[in-house]
Amino acid sequence: MDGLSSLLVHAHDVLVIGAGAAGLRAALEARTAGLDVAIVCKTLLGKAHTVTARGPLDARADWKAHFRDVMRAGRYLADWRMVKTLATEAEDRVAELERWGAVLDPTGERNGLEVLRTLQQHASHTGIHVYMEHTITRLLGDRNGVTGAFGIRRDNGGFVAFEAKAVVLATGGAGRAFEISSSSWECTGDGQALAYRLGAALVDPELVQFHPLGVVWPPSTRGRCVAGDVAALRNANGERFVADAPDYVVARAIKGEVDAGRGSPHGGVYLGEMEVGPTAHAVLGGIRVDPETQESRVRGLFAAGECMGGLHGSHRFGENELVASLVFGRRAGLHAGEHAKKKTKKKTAEREELAALAREALAPFDRDEGENPFEVREDLGAVMQAYCGVVRDEAGLHACIEDIARLREALANVKVTGTRAYNAGWQEAFDLESLLLVAEATTRGALARRESRGGHARAEAPEEDPELAKVSWIARLGEGGRMELEAVPLPALPEDIQAVLLEEELE
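Read on for an overview of the structure. Source: prediction; values computed, not measured.

## Some points on the overall build of the chain
So, step 1. From N to C terminus, the chain includes twelve helices and 14 strands.
So, step 2. Here the chain has a C-alpha radius of gyration of 22 Å; the compact-globule value for 507 residues is 23 Å, and the two agree.
So, step 3. In terms of its C-alpha atoms, the chain occupies a principal-axis envelope of roughly 65 × 55 × 40 Å.
So, step 4. Counting across all 507 residues of the chain, residues that qualify as buried make up 57%.
So, step 5. When the accessible surface of the chain is split by element, carbon and sulfur atoms take 49% of a total near 20500 Å².
So, step 6. On the chain, the mean spot of the 59 positive side-chain charges and the mean spot of the 75 negative ones are 4 Å from each other.

## With respect to the pairing of strand β8 (residues 208-217)
So, step 1. Buried residues dominate β8, accounting for nine of its ten residues.
So, step 2. Alignment of β8 against strand β10 (residues 274-283), held across seven bridges, turns out to be antiparallel. Residue pairing across strands places G214 opposite G277, the latter belonging to β10.

## Some remarks on the environment of V383
So, step 1. Within the secondary structure, V383 is located in helix α9 (residues 373-387).
So, step 2. A residue is classified by how much of its surface remains accessible, and V383, at 5% relative accessible area, is buried.
So, step 3. When the C-alpha positions of V383 and A399 are compared, they lie 8.8 Å apart, and in sequence the two are 16 residues distant.

## Observations concerning the packing of helix α1 (residues 21-32) against helix α4 (residues 111-123)
So, step 1. Two numbers describe how α1 lies on α4: the axes approach to 10 Å, and their chain directions differ by 25°. Classified by the interaxial angle, the pair formed by α1 and α4 is roughly parallel. In this structure, α1 crosses over α4, and the sense of that crossing is left-handed. For the pair formed by α1 and α4, the contact residues are A21, L24, R25 and L28 on the first element and V115, L116, L119, Q120, H122 and A123 on the second.
So, step 2. When the residues that make up the contact of α1 with α4 are grouped by side-chain class, the tally is seven nonpolar, two polar and one charged.

## A word on the pattern of salt bridges
So, step 1. Under the definition given, this model contains 41 salt bridges.
So, step 2. Linking E467 and K470 is a salt bridge whose minimum nitrogen-to-oxygen distance equals 3.2 Å.
So, step 3. Overlapping salt bridges bring together R75, D204, E206, R449, E451, R453 and E464 as one network.

## With respect to the nonpolar core
So, step 1. If you look at the biggest cluster of nonpolar residues, it comprises 85 residues, and the most contacted ones within it are V14, L139 and L169.
So, step 2. Considering every element that reaches this core, the biggest residue donor is helix α7 (residues 321-342), with nine residues.
So, step 3. One finds V208, A280, M384 and A429 within the second-largest nonpolar core, a separate group that totals 25 residues.

## Quick notes on the packing of aromatic side chains
So, step 1. For the coordinates displayed, the defined rule picks out six aromatic pairs.
So, step 2. The interplanar angle of 70° and the centroid separation of 5.9 Å between the aromatic rings of W63 and F67 together place this pair among those described as edge-to-face. Here W63 pairs with F67, and both are found in helix α2 (residues 63-73), just four residues apart, close to one helical turn.
So, step 3. Look at Y131 and F162: their rings are 4.9 Å apart centre to centre, the planes differ by 70°, and that puts the pair in the edge-to-face class. Of this pair, Y131 sits in strand β3 (residues 129-131) while F162 is found in strand β6 (residues 159-169), placing the two residues 31 residues apart along the sequence. For the residue pair Y131 and F162, the accessibility class agrees, reading buried in each case.
So, step 4. Joined through ring pairs, the aromatic side chains of F365, W426 and F430 make up one cluster.

Definitions and limits used
- Note on numbering: residues in each chain are counted from 1, in written sequence order.
- Since the coordinates come from a predicted model, pLDDT governs what is reported: local features require at least 70, and pairs of side-chain atoms require 80 or more to be given and counted, while whole-chain, interface and lining totals use all residues.
- Remark: hydrogens and water are excluded; side-chain values derive from all non-hydrogen atoms of the structure.
- Counting from the N terminus, the helices are the DSSP runs of H or I reaching at least four residues and the strands are the DSSP runs of E reaching at least two.
- The globule rule used here is 2.2 Å times the number of residues to the 0.38 power, and the radius of gyration it is set against is calculated over C-alpha atoms.
- Relative accessibility under 20% of the residue-type maximum defines a buried residue, over 50% an exposed one, and the middle range a partly exposed one, all with a 1.4 Å probe and only protein chains included.
- Working definition of accessibility: Shrake-Rupley area with a 1.4 Å probe, residue cover restricted to the visible protein chains.
- This count recognises Lys and Arg as positive and Asp and Glu as negative, with His and chain-terminal groups excluded.
- Charged groups are reduced to one reference atom each: NZ for lysine, CZ for arginine, CG for aspartic acid, CD for glutamic acid.
- Note on pairing: DSSP must find at least two bridges between two strands before they are called paired.
- Lines fitted to the C-alpha atoms define the axes, with helices restricted to the stretch that makes contact. Angles between their N-to-C directions range from 0 to 180 degrees.
- Put simply, angles under 35 degrees are roughly parallel, angles over 145 are roughly antiparallel, angles from 65 to 115 are roughly perpendicular, and the rest are oblique.
- Should the near helix be turned anticlockwise from the far one by less than a right angle, the crossing is termed left-handed; should it be turned clockwise, right-handed.
- Every residue pair with non-hydrogen atoms within 4.5 Å of one another is taken to be in contact.
- Each residue is assigned to one class: nonpolar for Ala, Val, Leu, Ile, Met, Phe, Trp, Tyr, Cys and Pro, charged for Asp, Glu, Lys and Arg, and polar for all the others, Gly among them.
- Whenever Lys or Arg places a side-chain nitrogen within 4 Å of a carboxyl oxygen from Asp or Glu, that contact is recorded as a salt bridge.
- As used in this record, nonpolar core signifies buried Ala, Val, Leu, Ile, Met, Phe, Trp, Tyr and Cys residues forming a set joined through side-chain atoms within 4.5 Å.
- Note on ring pairs: Phe, Tyr and Trp rings are taken, using the six-membered ring of Trp, and paired if centres are within 6.5 Å. Classes follow the plane angle, with under 30 degrees stacked, over 60 edge-to-face and the rest tilted.

Read these as layout, nothing more, since geometry by itself doesn't imply function.
What follows is the structure, given as structure tokens:
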């Protein structure tokens, strides 16, 4: 038996993995070009992490002002070409969304839900195929080109293969690697891990945004970001300790109070009756893509949304989360469609390859005993929270790498029981595989970036290093399965773009 007795095979021109704002926008663009398009998602349509996004959509007419704000917020680690694309296309994407029926809230409180509702409604009559409650475990193909994806239906545990001419990854972030996180349960780094294993690179994986006002107590709302006056924060002595400042400055100040023994009982500080502290809010690094086409270095594999890197630098400008998904989702769908049109036929998946993937996926059921995947996941969260949080140091990062290696060994020996249908332990094991990979990339990148810049802070190097402002760190699969890290130069700023950055200072 090869485990494929219930295998379903679907074939489409373009496969979009992820049904948040970026995924839906990509699917719409490819479908508009007349292609056969499918979306596959881990949860139900309309339940993506996008619904939690808040804040206005930055779509100002003055693209130069928008460009300057993003570059400065990210402390010049962003790829200026992507930032210019965002700044020049944001207004059109938001106007388009409003033509499709969006009623955006100027306060931003419900904009994530409204963006997702509008895109979903607009897509509902276009003929896009939707596969809900599917976990994709591997991409098919090799580093020379993607040919589809392999995964599992969560409802019955059956295997499924997708054949596609082009694939768009829009799976969101990896915030669930941390114990305290505002990310929803789907944000387990799936897209980053899928791309990496096929041969794509991850850019600046060390860059993570920590929101300073995440609830640490009461537990019912743990990780949720709240609005509040940071000047009203108090330590355990009832003292105010920070004034209004960028989020990362406030987050570091809170950690300083906790480390000095002036924190609240559950590791935060007080905002009224609540205990709050830094919470992992967004990953800023991700899949490295071409700044024009969104294609990774694997032919036919594109990425958009939070699983994509290169746009934000070391701190995400607050009002870009949703609008960036629209801008780069459209671009990914456009170029994935163009790529698919050039290919004459989809490659049929080899049954032997699929059988091997099925056996690998079923291995946790075959062990007589083994590790509990939920305990491994809890351990990973504690390790990342302790060693790779808002302020990092060399000894802690080395300890983190050792612990991740230990947890990887535990993952190789996890045991699950029960049936395959809606088996939470089995699904946890798949999530863990992605989370451990992204956690390792984050930690190795943090070790290499020995400076403090924007949201990235190293205790031994509290200042920016001008030399490190010139490079991105690239993680990729090396010989023997080891993760390799390489510094690559950021693209040089042409004279006209340098002039844009200086414009305001000269006025």
